[in-house]
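Summary of structural features
Spelled out from the first residue to the last, the chains are:
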Amino acid sequence: PLGNSWGLGYDSTRDLFIVADPGADVLTTVDMSGARQNTWPTPTPGPVGLAYDPARDLYWISDWMVDALSSMNPDGTAGPIHYVPMGSRLAGTGYDGASDALVYHGRGQALGYWVDAESGAFIDSYSVPMGGGNNGTGAGVDPATSNVWIGHYEQPTLFCIEGLGYVTATESSTWSCIKSLY
């Protein structure tokens, strides 16, 4: 078992899953057979979201305890850190290669944010169709469309944010349709 696993990403260069554990403040890589490859301490505490950036060969990590998008190289060394406004309580991280942007959610704000992956500068925000608390905890970006997929903490529902505005709710029973996108 991987402990208190929250964040999940996919390293398409190495064909590995990357898993964040906010209880132990570690990132673990796991191969397709489920075998653990490496475990490293994260640069900042509270890792809850992960995304792979193939252009920079980085793992981006949303860290809710320090309000930061930190990063790690695939060898376990620390990469750049982009701090976001205090109180954001980050959750979920996605990388959009088409716009070279990171997406994350503020758990108590019912908002999602796009920031420039290079500089960390704010690009845009969008409303997510869920209230405060720990909602909007998962985020992923479809590389073919740049649509953002959001997992809901308290409901078995996924939401799709299309074009930073149009929202589609997808019941969990249609998960097989969503999986076909990736």
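Just so it is clear, the structure is predicted and the values come from calculations on it, not from any experiment. (Residues numbered from 1 in each chain as written. Predicted model: local features only at pLDDT ≥ 70, side-chain atom pairs only at ≥ 80, totals over all residues. Heavy atoms only, no water.)

Quick look at the sheet that holds strand β6 (residues 58–63)
Note the following rule: When DSSP finds two or more bridges between two strands, those strands count as paired. Each helix is a run of H or I in the DSSP string that is no shorter than four residues. Each strand is a run of E no shorter than two, and both are numbered from the N terminus.
Ordered by their spatial adjacency, four strands build an open sheet running β5-β6-β7-β8, and the pairing between neighbours is antiparallel. Here the strands that pair on one side only, and so sit at the sheet edges, are β5 (47–53) and β8 (82–83).

Side note on the sheet that holds strand β1 (residues 7–11)
Quick reminder of the rule: A fitted line through C-alpha atoms represents every axis, and for helices the fit uses only the stretch in contact; the resulting angles, taken between N-to-C directions, go from 0 to 180 degrees.
As summarised here, the arrangement of the four strands in space is β1-β2-β3-β4, forming an open sheet in which the pairing is antiparallel. The strands lining the two open edges of the sheet, one partner per strand, are β1 and β4 (36–41). Each adjacent strand pair in this sheet contributes to an overall mean axis angle of 20°, direction not counted. Both β1 and strand β2 (residues 16–21) contribute to a ladder of five bridges, which runs antiparallel. Across the sheet, residue leucine 8 finds its bridge partner in β2, namely valine 19.

Things to note about the nonpolar core
Put simply, the rule reads: Nine residue types can take part in a nonpolar core, namely buried Ala, Val, Leu, Ile, Met, Phe, Trp, Tyr and Cys, and a core is a set of them joined through side-chain atoms within 4.5 Å. Burial classes: relative accessible area under 20% of the type maximum marks a residue as buried, over 50% as exposed, and values in between as partly exposed (1.4 Å probe, protein chains only). For this analysis, residues touch if any pair of their heavy atoms sits within 4.5 Å.
Listed in full, the twelve residues of the largest apolar core are Ala51, Leu58, Trp60, Leu69, Val84, Leu90, Tyr95, Leu102, Tyr104, Tyr113, Val115 and Ala117. At the level of secondary structure, the elements contributing two or more residues to this core comprise β6, β9 (90–96), β10 (101–106) and β11 (111–116). Apart from the residues within four sequence positions on either side, alanine 117 is in contact with Asp53, Arg56, Trp60, His82, Tyr95, Asp100, Ala101 and Leu102.

A few points about the side chain of threonine 28
Applied cut-off: Within 3.5 Å is the distance limit for a polar contact, defined as a pair of N or O atoms, with the added protein rule that one can donate a hydrogen and the other accept it, and that residues adjacent in sequence qualify only through two side-chain atoms.
Within the fold, threonine 28 resides in strand β3 (residues 26–30). Of the polar contacts made by the side chain of threonine 28, one reaches the side chain of threonine 39; its length is 3.1 Å.

Details of unusual backbone geometry
Of note in the backbone geometry, aspartate 67 takes a positive phi value of approximately 50° without being a glycine. Along the chain, aspartate 67 falls in the loop between β6 and β7 (68–72). Its relative accessible area of 9% is what places aspartate 67 among the buried residues. The phi angle at arginine 89 is positive, at roughly 50°, despite the residue not being glycine.

So, the pairing of strand β15 (residues 157–162)
Most of β15 is tucked away: five of the six residues are buried. Where strand β14 (residues 148–151) meets β15, four bridges bridge the pair, whose relative direction is antiparallel. The residue of β15 that forms the bridge with valine 148 is isoleucine 161.

A closer look at the environment of alanine 98
Locating alanine 98 in the fold gives a position in the loop between β9 and β10. According to the relative accessible area criterion, alanine 98 is exposed, its value standing at 69%. For alanine 98 and serine 146, which are 48 residues apart along the polypeptide, the C-alpha to C-alpha distance reads 7.1 Å.

Examining the confidence of the model for the protein chain
Defined as follows: Confidence of the predictor in every single residue is expressed as pLDDT, which spans 0 to 100.
For the protein chain, mean pLDDT is 81; residues scoring 70 or higher make up 80% of the total. Here residues 169–182 is modelled with pLDDT under 50, and outside its nearest four sequence neighbours on either side it reaches 19 contacts, counting other chains as well.

Some thoughts on the side chain of aspartate 53
Here aspartate 53 is to be found in strand β5. Here arginine 56 takes part through its side chain, which lies 2.8 Å from a polar atom of the side chain of aspartate 53. Setting aside chain neighbours within four positions, we find aspartate 53 in contact with Leu58, Trp60, Tyr95 and Ala117.

With respect to the packing of aromatic side chains
Quick note on the threshold: Only rings of Phe, Tyr and Trp enter the pairing, Trp through its six-membered ring, and a pair is recorded when the two centres are within 6.5 Å. The plane angle decides the type: under 30 degrees is stacked, over 60 is edge-to-face, the rest tilted.
Under the defined criterion, the tally for this structure stands at three aromatic pairs. A centroid spacing of 5.7 Å and a plane angle of 55° characterise the contact between tyrosine 52 and tyrosine 59, whose relative ring orientation is tilted. The exposure classification of tyrosine 52 matches that of tyrosine 59, with both residues buried.

Comments concerning the environment of tyrosine 95
Mapped onto the elements, tyrosine 95 comes out in strand β9. Remark: the alpha-carbon pair of tyrosine 95 and tryptophan 114, spanning 19 residues in sequence, is separated by 9.4 Å. Not counting residues up to four positions away in its chain, the partners in contact with tyrosine 95 are Ala51, Tyr52, Asp53, Pro54, Ala55, Arg56, Asp100, Ala101, Leu102, Ala117 and Val141. One polar contact links tyrosine 95 to aspartate 53, side chain to side chain, over a distance of 3.5 Å. In this structure the side chain of tyrosine 95 is engaged in a polar contact, spanning 2.8 Å, whose partner is the side chain of aspartate 100.

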